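Listed here are the chains, written in short residue letters.
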Amino acid sequence: MRCILAIVLMLFFGSHGQAKDFTTHLFAKVGEQELNLDLYRPSGDIKGVIIWVHGGAWRSGTRAKPALKGLIAHGWAIASVDYRLSGVAPFPAQSHDVKTAIRYLRANADKLGIPTTPFVVSGSSAGGHLAAIIGVTNNSKPHEGTVGGNLHQSSSVQAIVDLYGASNLTTILKQSTPHGLSVRQPALDLFIGGQPDDVPETAKLASPVFHIDTNDPPLYLSHGDQDPQMPINQAHELHGVYKTHGLPVHFEVKHGSAHGGPAFNDTAELVRIDAFLVDQLGL
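Residues numbered from 1 in each chain as written. Predicted model: local features only at pLDDT ≥ 70, side-chain atom pairs only at ≥ 80, totals over all residues. Heavy atoms only, no water.

Peer 1: How should the overall build of the protein chain be read in this particular structure?
Peer 2: Check the secondary structure of the protein chain and you find 10 helices and 8 strands. Taken over C-alpha atoms, the radius of gyration comes to 19 Å for the protein chain, in line with the 19 Å a tight globule of 283 residues would show. Here the C-alpha coordinates of the protein chain stretch approximately 70 × 40 × 35 Å along the principal axes. Of the roughly 12300 Å² of accessible surface on the protein chain, a fraction of 55% belongs to carbon and sulfur atoms. Put simply, the protein chain has 21 plus and 24 minus side-chain charges, and the middle of one group is 6 Å from the middle of the other. (Helix = DSSP H or I, 4+ residues; strand = E, 2+ residues; numbered from the N terminus. Rg over C-alpha atoms; globule rule 2.2 N^0.38 Å. Areas by Shrake-Rupley, 256 points an atom, 1.4 Å probe, with all protein chains shown as cover. Lys, Arg positive; Asp, Glu negative; His and termini not counted. Charge placed at Lys NZ, Arg CZ, Asp CG, Glu CD.)

Shown next as structure tokens:
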């Protein structure tokens with residue numbers, strides 16, 4: 001009996017004695033590559049679903065440890081998703097994969113125990129850029145793709161949370177520090193197949209500022225004013241285009257912050273993000 005009880009406890013709590021707080025789901029397979037998502041659910045009522053897109057210069061990183069996991073305590077479910085890295089496939093493969101994950105979540109909402117709306121796309125660094133491009137291309141066929149099925153489902157999102165992401169690949173190199181260039185130039189070669197001046201149409205396809213219209217969802221921007229890797233002017237550009245279109249946008253400048261850090265997901269910041277989403281989405 002004790003042996004059986006021990007096995008049950010290990011299955012429930014996991015090998016480290018902590019309750020398992022997420023489930024993993026295969027949402028698509030592209031060739032031999034499986035694309036999975038980790039779904040974290042709050043214990044009580046769910047306000048909506050935050051789709052988390054990891055960073056890593058588009059060429060590295062994993063879905064583990066989503067930075068906004070603390071929003072679970074505010075009643076948000078979080079789906080941290082895989083996407084094909086740029087060494088495997090160039091843009092728009094990443095957009096296709098994340099939009100596929102969104103369609104999967106909607107198609108299986110009842111089984112997963114989540115609502116079908118509102119959905120919020122979010123991410124940091126390269127993930128912040130992908131969140132922005134996905135968020136402002138609702139119903140855009142070039143960004144949608146046909147990966148994974150569930151094509152009858154909408155991949156639209158109702159809000160965007162972009163943490164220190166790019167917004168305009170045609171200007172980013174001119175704005176970059178020497179350190180930023182050392183990261184960005186090889187990353188762009190993989191991500192869009194060359195430098196922006198060499199592939200201008202792809203650079204524009206991958207730049208959120210060129211796709212914004214008056215139907216786009218509310219945007220929460222956060223960027224450090226001492227970021228040596230991702231120019232804060234990228235956030236200023238996105239903020240400016242949103243303001244020009246009269247769209248709801250909040251720009252949180254992190255004074256003294258570089259590329260990431262606790263200021264982007266500490267208790268006060270999570271409260272601000274939650275308040276913005278609640279207000280804009282009428283929750």
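Peer 1: How should the environment of Thr146 be read in this particular structure?
Peer 2: Within the secondary structure layout, Thr146 lies in the loop between α5 (141–144) and β6 (159–163). It is 7.8 Å that separates the C-alpha atoms of Thr146 and Thr100, two residues lying 46 residues apart in sequence. For Thr146, the contacting residues outside a window of four places in its chain are Arg103 and Leu151. (Contact = heavy atoms within 4.5 Å.)

Peer 1: Explanation requested: the nonpolar core in the structure shown.
Peer 2: Generally speaking, nonpolar side chains in soluble globular proteins are found buried as a group. Core analysis: the biggest nonpolar cluster contains 58 residues, and Leu37, Leu105, Leu169, Ile192 and Tyr242 have the highest contact counts within it. Examining the composition of this core, we find that 6 residues originate from one element, helix α4 (residues 126–135), more than from any other. Setting aside residues no more than four positions away along its own chain, Ile192 makes contact with Phe91, Leu169, Val199, Thr202, Ala203 and Ala206. Core analysis: the next-biggest nonpolar cluster, separate from the first, contains 19 residues, Ile78, Val120, Ala159 and Phe264 among them. (Core = buried A, V, L, I, M, F, W, Y, C linked by side-chain atoms within 4.5 Å. Buried < 20%, exposed > 50% of the residue type's maximum accessible area, 1.4 Å probe, protein only.)

Peer 1: How do you make sense of the sheet that holds strand β8 (residues 249–254) when you look at a structure like this?
Peer 2: Whenever strands of a sheet pair, they do so through backbone hydrogen bonds, lying parallel or antiparallel. Strand order across the open sheet formed by 8 strands is β1-β2-β4-β3-β5-β6-β7-β8, with mixed pairing between neighbours. One side of each edge strand has no neighbouring strand; the edge strands of this open sheet are β1 (22–30) and β8. Each strand of the sheet is rotated relative to its neighbour by a mean of 20°, with strand direction disregarded. Inspection of the sheet shows strand β3 (residues 48–53) paired to strand β4 (residues 76–81) by 6 bridges, in the parallel sense. When the bridges of β4 are listed, Trp52 appears paired with Ser80. (Pairing = 2+ DSSP bridges. Axes fitted to C-alpha atoms, helices over the stretch in contact; angles between N-to-C directions.)

Peer 1: Just checking my understanding: could you explain the pattern of salt bridges for this structure?
Peer 2: A side chain with one charge can pair with a side chain of the opposite charge if their charged atoms come near. Enumeration over the complete set of coordinates arrives at 9 salt bridges. One salt bridge connects Glu252 with Lys254, and the closest N-O pair in it is separated by 3.9 Å. Grouping residues by exposure puts Glu252 and Lys254 together as buried. The closest approach of N and O atoms between Arg272 and Glu252, which form a salt bridge, is 3.5 Å. Of this pair, Arg272 sits in helix α10 (residues 267–281) while Glu252 sits in strand β8, placing them 20 residues apart in sequence. Here the residues in one salt-bridge network are Glu252, Lys254, Glu269 and Arg272, joined through shared partners. (Salt bridge = Lys/Arg side-chain N within 4 Å of Asp/Glu carboxyl O.)

Peer 1: Would you explain the pairing of β4 in this entry?
Peer 2: Note on strand geometry: in a regular strand, side chains alternate between the two faces of the sheet. With 6 of 6 residues buried, β4 lies mostly within the body of the structure. Side chains Trp76, Ile78 and Ser80 of β4 all project onto a buried face; the interleaved residues Ala77, Ala79 and Val81 project onto the opposite face, where all are buried too. Alignment of strand β2 (residues 33–40) against β4, held across 4 bridges, turns out to be antiparallel. Residue pairing in the sheet places Leu37 in a bridge with Val81 of β4.

Peer 1: What is the right way to read the environment of Phe210 from this model?
Peer 2: Positionally, Phe210 belongs in the loop between α8 (200–205) and β7 (219–224). C-alpha separation for the pair Phe210 and Leu188, spaced 22 residues apart in sequence, amounts to 18 Å. When neighbours within four sequence positions are excluded, Phe210 is seen to be in contact with Asn168, Thr170 and Lys204.

Peer 1: How do you make sense of the side chain of Thr137 when you look at a structure like this?
Peer 2: With respect to the secondary-structure elements, Thr137 resides in the loop between α4 and α5. Residue classification places Thr137 among the buried residues on the basis of a relative accessible area of 1%.

Peer 1: Explain unusual backbone geometry here, please?
Peer 2: Note: most residues except glycine have negative phi, and most peptide bonds are trans. Omega for the bond connecting Phe91 with Pro92 falls within 30 degrees of zero, at 15°, which places this linkage in the cis form. Across the junction of Thr117 and Pro118, the peptide omega takes the value 0°, indicating a cis bond. Secondary-structure assignment places Pro118 in the loop between α3 (109–112) and β5 (119–124). Phi is positive for Lys65, close to 55°, though the residue is something other than glycine.

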